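Descriptive analysis of the structure
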Amino acid sequence: MDKYINQAKTLMEALPYIKKFNNKIIVIKYGGSAMIDEQLKMSVIKDITLMKLVGIKPVVVHGGGKKINEMLSKIGKESVFIDGLRVTDDDTMEIAEMVLSGNINKSIVQMFQQQGIKAVGISGKDGMTIQAEKNMPGGKDIGWVGEIKQVNPELIISLIEDDFVPVVAPIATDKNNHTYNINADYVASAVASSLKAEKLIYLTDVEGVLRDINDLDTLISRINVNDIESMKEEKTITGGMIPKLDNCRKSIEDGVNSVHILDGRQDHCLLLELFTNSGIGTMIYKTEDQDGK
Ligand SMILES: Nc1ncnc2c1ncn2[C@@H]1O[C@H](COP(=O)(O)OP(=O)(O)OP(=O)(O)O)[C@@H](O)[C@H]1O
Ligand SMILES: [Mg+2]
């Protein structure tokens, strides 16, 4: 009997959070190696299924860097990154679109549907959801890497209203019909801003932001948006963490209430973050008194 009472208590602990997030849009950026392992992938999908069934409106934006690297190496092409952005020539663009809009996008949709949840996979091309232009970071030409010019959330909103989970691949076009690969962290942030989401959660393949990338005991649980620039200068954050934190700041400035970076490899990380008092990973905050939820 005690076991069941404890189970009931656990459910009741979640009640204030279920009330708080009911009907709210939460954007989840899904990426890193957490997406390669099928079991971990299903665990994330099940967490999002539960979120949906308790009245939250989840929107998934996915990356797929590791899978793109895998496919590129199969055709003997090396992956090159500059400040966390993939240098994208014609062949790389073709592979990136096939992997992101095809393989990864549809496998996520399929997994939701296995759980009895309606999902629709789109890329930024569909419904003209994302318009891009060429990204030239620091004046450097890194190929078909797009910068987001505009997000038109109309299609995503109608999918949410029709009870679907929208699953968005980070591919877009410009006015000249060029296809661009956009770092999914940018897409997640821009989509969250355009939907005025309650929360943006980055699921990645590290515990959160670490002060020393080789030491798990150096997890930083809270970062003030104003400290991000100096962390970049000190090189505390490098590679794929740079676009993530740049975009955390942008979303917070655009009015998204809270932004979190969580370890997607940790079972039920989303449930732990959303429905329990314990905070995991790294939270990016604007004001000292933000409670983290
Ligand atoms: N200070 C830091 N703390 C934690 N991770 C860091 C830090 N600096 C750099 N990183 C790197 O950032 C990586 C996460 O970004 P990465 O782009 O590889 O994954 P992702 O964005 O989750 O997935 P995808 O690019 O497929 O969408 C970590 O695996 C780690 O190597
Ligand atoms: Mg990345």
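The following refers to the structure shown. The numbers attached to residues start from 1 for each chain and follow its sequence in the written order. Written order determines the labels here, with chains lettered from A and ligands numbered from 1. The predicted origin of the model limits local features to residues at a pLDDT of at least 70 and limits the giving and counting of side-chain atom pairs to 80 or more, whereas totals for whole chains, interfaces and linings rest on all residues. Here the side-chain values reflect all heavy atoms present in the structure, with hydrogen atoms and water set aside.

This part takes up the sheet that holds strand S5 (residues 119–123). Two strands make a pair as long as DSSP finds a minimum of two bridges between them. Per the convention used, a helix needs a DSSP run of H or I reaching at least four residues, while a strand needs a run of E reaching at least two, with both numbered from the N terminus. Within the open sheet, the eight strands sit side by side as S5-S8-S2-S1-S11-S13-S14-S12. Their pairing is mixed. Both edges of this open sheet fall to S5 and strand S12 (222–224), since each of them pairs with a single strand only. This sheet shows a mean twist of 20 degrees between the axes of neighbouring strands, independent of strand direction. As paired elements, strand S11 (residues 199–204) and strand S13 (residues 258–263) share six bridges and run parallel to each other. What sits directly across from isoleucine 201, in S13, is histidine 260. The axes are straight lines fitted to the C-alpha atoms, using for helices just the contacting stretch, and the angles between their N-to-C directions are given from 0 to 180°.

Here we come to the packing of aromatic side chains. Under the pairing criterion, centres of Phe, Tyr and Trp rings, with the six-membered ring standing for Trp, must be within 6.5 Å; the plane angle then separates stacked pairs below 30 degrees from edge-to-face pairs above 60, leaving the rest tilted. According to the stated counting rule, one finds one aromatic pair in the structure shown. Ring centres of tryptophan 144 and tyrosine 180 lie 5.7 Å apart, and the angle between their planes is 70 degrees; this geometry places the pair in the edge-to-face category. Of this pair, tryptophan 144 sits in the loop between strand S6 (130–134) and strand S7 (146–151) while tyrosine 180 sits in strand S10 (residues 179–181); the two residues are 36 residues apart in sequence, bridging distant segments of the chain. Burial classification: accessible surface area is computed with a 1.4 Å probe over protein chains only, and a residue below 20% of its type maximum counts as buried, one above 50% as exposed, and the rest as partly exposed. The class of tryptophan 144 is partly exposed, set by a relative accessible area of 23%. Given the relative accessible area of 3%, tyrosine 180 is considered buried. Two conditions define a charge located above a ring, namely a distance within 6 Å from the ring centre to NZ of Lys or CZ of Arg, and an angle within 35 degrees of the ring normal. Across from the ring centre of tyrosine 285, 4.6 Å away, lies the NZ or CZ of arginine 222, which sits over that ring.

Turning our attention to the site of ligand 1. Nearness here has a simple test: a residue counts as near a molecule or strand if at least one of its heavy atoms is within 4 Å of that partner. Neighbouring ligand 1 are 21 residues, the closest being Lys29, Gly32, Thr204, Leu210 and Lys244. We call two N or O atoms a polar contact when they sit within 3.5 Å, provided that within protein one can donate a hydrogen and the other can accept it, with sequence-adjacent residues counted only if both atoms are side-chain atoms. Within the contact set of ligand 1, an oxygen atom lies 3.3 Å away from a backbone nitrogen or oxygen of glycine 64. Contacts to ligand 1 include threonine 238, whose backbone N or O atom sits 3.2 Å from a nitrogen atom. Those elements that place two or more of their residues in the shell around ligand 1 are helix H3 (65–74) and helix H8 (241–253). Class assignment of the residues belonging to the shell around ligand 1 gives a composition of six nonpolar, 10 polar and five charged. Amino acids outside the nonpolar list (Ala, Val, Leu, Ile, Met, Phe, Trp, Tyr, Cys, Pro) and the charged list (Asp, Glu, Lys, Arg) are all regarded as polar, and Gly is one of them.

The next point concerns helix H2 (residues 38–53). Every helix has an expected span of 1.5 Å times one less than the residues it contains. For H2, with 16 residues, the first-to-last C-alpha span of 22 Å sits near the 22 Å given by 1.5 Å per residue. When we look at burial in H2, the residues that qualify are Leu40, Lys41, Met42, Ser43, Val44, Ile45, Asp47, Ile48, Thr49, Met51 and Lys52. At the N-terminal end of H2, a side-chain oxygen is found 2.8 Å from the backbone nitrogen of glutamine 39, two or three residues along, and the residue is aspartate 37.

As a further point, take the pattern of salt bridges. Here, a salt bridge means any side-chain nitrogen of Lys or Arg that lies within 4 Å of a carboxyl oxygen of Asp or Glu. Counted under the stated rule, the structure contains 15 salt bridges. In this structure, the salt-bridge partner of aspartate 246 is lysine 232, at a minimum N-O distance of 3.0 Å. Placement of aspartate 246 in helix H8 and of lysine 232 in helix H7 (residues 228–233) is noted, with a sequence separation of 14 residues between them. The structure contains a network of salt bridges with shared partners spanning Glu229, Lys232, Asp246 and Arg249.

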